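Each chain, letter by letter, is given below.
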Amino acid sequence: MANLYAAKRAIRTIKRRSRRNQVWRNKITSVVKGFKKSGKVNGEDLKTAYKTLDKAAKNNVIHKNKAARLKSRLAKASADVKSKPSKSNKA
């Protein structure tokens, strides 16, 4: 346990930031998983995912390169889904 007042204050700050970062990380995972799970391309979902990743990078929750990498993977996944012909069109 910290003895100095400054160390105790730092512990409080770290706890507060950790809670905030955890909320952002949960948002990121839920948005990315939701986009991948949907199986269909929805521009609104992609836009929401991009927005969430950009805000997380802006708030230093994740590194900007990680946000760019995840956005690139989402774009690639959406392009793959677009290029695949769906079974309903083959009638």
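Numbering of residues starts from 1 in every chain and runs along the sequence as written. A pLDDT threshold of at least 70 governs which residues receive local features in this predicted model, and a stricter bar of 80 or more applies before side-chain atom pairs are shown or counted, although totals over entire chains, interfaces and linings include all residues. To obtain the side-chain values, all non-hydrogen atoms of the structure were used and water was disregarded.

Student: Which residues make up the nonpolar core, and what values do they have?
Tutor: In a soluble, globular protein the nonpolar side chains are often hidden away together inside. Grouping buried Ala, Val, Leu, Ile, Met, Phe, Trp, Tyr and Cys residues that are joined through side-chain atoms within 4.5 Å yields what is termed a nonpolar core. The classification of residues rests on relative accessible area computed with a 1.4 Å probe and restricted to protein chains. Under 20% of the type maximum is buried, over 50% is exposed, and intermediate values are partly exposed. If you look at the biggest cluster of nonpolar residues, it comprises 14 residues, and the most contacted ones within it are I28, L53, A56, V61, I62, A67 and L74. In this description a helix means any DSSP run of H or I spanning at least four residues, a strand means any run of E spanning at least two, and both kinds are numbered starting from the N terminus. Among the elements that line this core, the one with the most residues is helix α2 (residues 43–58), at five residues. Residues are treated as being in contact if the distance between any of their heavy atoms lies within 4.5 Å. Setting aside chain neighbours within four positions, we find L53 in contact with I28, I62, A67, L70, K71 and L74.

Student: Which residues make up unusual backbone geometry, and what values go with them?
Tutor: Despite not being glycine, N60 shows a phi value in the positive range, around 60°. Within the fold, N60 resides in the loop between α2 and α3 (64–83).

Student: Let's hear about helix α1 (residues 5–38): which residues, and what values?
Tutor: Here α1 is 34 residues long and its end C-alpha atoms lie 50 Å apart, about the 50 Å a rise of 1.5 Å per residue gives. Those residues of α1 lying buried are T13, W24, I28, V32 and F35. For a helix, the expected span equals 1.5 Å multiplied by the residue count minus one.

Student: Run through the packing of α1 against α2, naming residues and quoting values.
Tutor: Angles run from 0 to 180 degrees between N-to-C directions of axes, and those axes are lines fitted to C-alpha atoms, restricted for helices to the stretch in contact. Viewed as axis vectors pointing N to C, α1 and α2 meet at an angle of 155°, and their least axial separation amounts to 10 Å. If you check the angle between α1 and α2, you find them roughly antiparallel. Seen along the crossing, α1 lies across α2 with a hand that is left-handed. Contact residues: W24, K27, I28, V31, F35 and S38 in α1; D45, L46, T48, A49, T52, L53, K55 and A56 in α2. The residue inventory of the contact of α1 with α2, partitioned by class, reads eight nonpolar, three polar and three charged. Working rule for angles: under 35 degrees goes down as roughly parallel, over 145 as roughly antiparallel, 65 to 115 as roughly perpendicular, anything else as oblique. In this scheme the crossing of two helices becomes right-handed for a clockwise turn of the near helix relative to the far one and left-handed for an anticlockwise turn of less than a right angle. Gly is put with the polar residues, along with every residue not named as nonpolar or charged; the nonpolar set is Ala, Val, Leu, Ile, Met, Phe, Trp, Tyr, Cys and Pro, and the charged set is Asp, Glu, Lys and Arg.

Student: Kindly report on the environment of I28, identifying the contributing residues and their values.
Tutor: On the secondary structure map, I28 appears in helix α1. Relative accessible area serves as the criterion here: at 8%, I28 is assigned to the buried category. The spatial distance from the C-alpha of I28 to the C-alpha of A49 is 7.5 Å, given a sequence separation of 21 residues. Dropping the residues within four chain positions of it, I28 is found in contact with T52, L53, A56 and I62.

Student: How would you sum up the packing of aromatic side chains? Please name residues and give values.
Tutor: Only Phe, Tyr and Trp rings are paired, with Trp represented by its six-membered ring, and only when their centres lie within 6.5 Å; those with planes under 30 degrees apart are stacked, over 60 edge-to-face, the remainder tilted. Taken as a whole and judged by the stated rule, the model has zero aromatic pairs. The ring centre of W24 lies 4.5 Å from the NZ or CZ of K27, which sits over that ring. Whether a charge lies above a ring is judged from NZ of Lys or CZ of Arg, which has to be within 6 Å of the ring centre and within 35 degrees of the ring normal. The ring of Y50 has K71 sitting right over it, with the charged end atom 5.3 Å from the ring centre.

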